[in-house]
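Residues per chain, in single letters:
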Amino acid sequence: CITMSELDELMARARDASWERFGKRIAFYHPGMFRYEGKWGRYSAISITGGSCELQCDHCKASLLKPMLHATTPEALVKTCQELEKKGDSGCLITGGSSKDGTLPWKDFIDAIRTVKETTDLHISIHGGMIDSDVAVRMKDAGIDQVLLDVVGDDETLKKVFRVEYGIEKIVETLDSLSKAGLPTVPHIVVGLNYGKISGEYDAIRMIERYNPEAVVVVSLMPLSGTPMCGVAPPAPEDIAAIIATARLSMPEVPISLGCARDRSDSKIDVLAVDCGVNKMAIPSEEAIKRARHYGLSIEWQDTCCSVPVNAEVKKGDD
């Protein structure tokens, strides 16, 4: 258990390392699934399995799929993506529910994604689940821009929360497949996924640092109604900050983001993330923006998922 003085020292080291490598700047993101400041983002989420998920993990029970756009056939996926571009979206996140082996039906949709890439200028992210080498190569050939992957660092969490038969070696195999295929990968670490406990998060950092991810996103448990974790206390902001800071010092060249999946009613999470020198943050609180200004950071805004690199579409925020 880390003391506050130890955490302050850790965050200061992480902040200095971040500013030295990336400069005194931060990008705030507005994904398409959220209404923020009266507007929707321009990076919608699409489920290729609709509201269906065989895994029914304890933290979600498929509830995160319900508000997404549903496109359960290749034809529907192409049409949905083309319509998103017509209405002004710059890209989309394609995901879905998992089968019991942790995979999604990508083989049925890769050609459709290729068509989307050939007929639109959309930036395509996928939240991929377990991916073997053959599928990874096909994804690369289809032009997928980046793959998001939840990295769980211990077998206990996998078996207890996801209720799968395999262990973390399957996640390592997926990271290997994506790396060998040359697919930009954005691992996600879910803090407190094991019923609010800090369990394999630091092991997840050690798993990820062996690769060269495009970015790392840190999110935290959201106790959702209708799930077995409904009444679970989410992880403390200090625990989340310690993991962000550790990830920064372990991977000094990799952009780190605080993702949208967190208890956004607790602005202390956001403030401590800024204290850690986080490079990107989705749906920032007013307190986070004030903290960034306190440090004199250059502020940028982007209407996409926070996994997407800052690009030419970014508009400068008010400093």
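Notes on the structure in this doc start here. (Residues numbered from 1 in each chain as written. Predicted model: local features only at pLDDT ≥ 70, side-chain atom pairs only at ≥ 80, totals over all residues. Heavy atoms only, no water.)

Some points on the side chain of S285
Mapped onto the elements, S285 comes out in the loop between β12 (280-282) and α10 (286-294). Leaving out residues up to four positions away in the same chain, S285 has contacts with S267 and D270. (Helix = DSSP H or I, 4+ residues; strand = E, 2+ residues; numbered from the N terminus. Contact = heavy atoms within 4.5 Å.)

Observations concerning the pairing of strand β4 (residues 43-47)
Of all five residues in β4, five are buried; the element is thus mostly enclosed. Burial of the side chains of β4 extends over both faces: Y43, A45 and S47 are buried on one face and S44 and I46 on the other. Relative to strand β5 (residues 69-70), β4 is paired through two bridges, and the arrangement is parallel. When the sheet's bridge partners are listed, I46 is paired in β5 with L69. (Buried < 20%, exposed > 50% of the residue type's maximum accessible area, 1.4 Å probe, protein only. Pairing = 2+ DSSP bridges.)

Some words on helix α5 (residues 155-162)
By the burial criterion, the buried members of α5 are T157, L158, V161 and F162. Down the axis of α5, the smallest arc covering the buried residues is 100°, so these residues share one side. Against the buried residues of α5 lie α6 (169-181). Backbone geometry just after α5 places R163 at a positive phi near 60°. (Arc of directions from axis to C-beta.)

Quick look at the pattern of salt bridges
Scanning all chains against the criterion turns up eleven salt bridges. For E156, the salt bridge goes to K197, with nearest N and O atoms at 3.7 Å. You can see E156 sitting in helix α5 and its partner K197 sitting in the loop between β9 (185-191) and α7 (201-208), a full 41 residues away along the chain. Exposure remark for E156: the relative accessible area of 41% places this residue in the partly exposed category. Its relative accessible area of 41% is what places K197 among the partly exposed residues. Between R262 and D270 there is a salt bridge whose closest N-O contact spans 3.0 Å. Of the residues examined, R262 reaches a relative accessible area of 2% and is grouped as buried. Since its relative accessible area comes to 1%, D270 is described here as buried. (Salt bridge = Lys/Arg side-chain N within 4 Å of Asp/Glu carboxyl O.)

Looking at the environment of I131
Of note, I131 is situated in the loop between β7 (123-127) and α4 (133-142). Taking the C-alpha atoms as reference, I131 lies 10.0 Å from V147; in sequence the two are 16 residues apart. Among residues more than four places away in sequence, those in contact with I131 are I126, A136, M139, V147, E173, T174, S177 and L178.

Observations regarding the environment of S18
Residue position: S18 is located in helix α1 (residues 4-22). Taking relative accessible area as the criterion, S18 reaches 1% and is therefore assigned buried. Distance in space between the C-alpha atoms of S18 and C57 is 34 Å, their sequence separation being 39 residues. In contact with S18, other than residues within four places in its own chain, are G23, R248, G277 and N279.

Quick word on the packing of helix α2 (residues 74-86) against helix α3 (residues 110-119)
Running from N to C, α2 and α3 point in directions that differ by 25°, and their axes come no closer than 9 Å. One way to sum up the angle between α2 and α3 is to call them roughly parallel. Where α2 crosses over α3, the handedness of that crossing is right-handed. Residues P74, L77, V78, C81, Q82 and E85 of α2 form the contact with α3, whose participating residues are A112, I113, T115, V116 and T119. Taken together, the residues of the contact of α2 with α3 break down into seven nonpolar, three polar and one charged. (Axes fitted to C-alpha atoms, helices over the stretch in contact; angles between N-to-C directions. Parallel < 35°, antiparallel > 145°, perpendicular 65-115°, else oblique. Left-handed = near helix turned anticlockwise from the far one by under 90°. Nonpolar A, V, L, I, M, F, W, Y, C, P; charged D, E, K, R; others polar.)

Concerning the packing of aromatic side chains
Applying the stated criterion across every chain, the model contains two aromatic pairs. Considering the side-chain rings of W19 and Y295, the 5.3 Å spacing of their centres and the 70° angle between planes classify their relative orientation as edge-to-face. Placement of the pair is W19 in helix α1 and Y295 in the loop between α10 and β13 (298-302), with a sequence separation of 276 residues. Like W19, the residue Y295 is buried in the burial classification. Where F28 meets W301, the ring centres are 5.3 Å apart and the plane angle is 55°; that geometry is what we call tilted. (Phe/Tyr/Trp six-rings, centres within 6.5 Å; stacked < 30°, edge-to-face > 60°.)

Shape is all these values report; function is a separate question.
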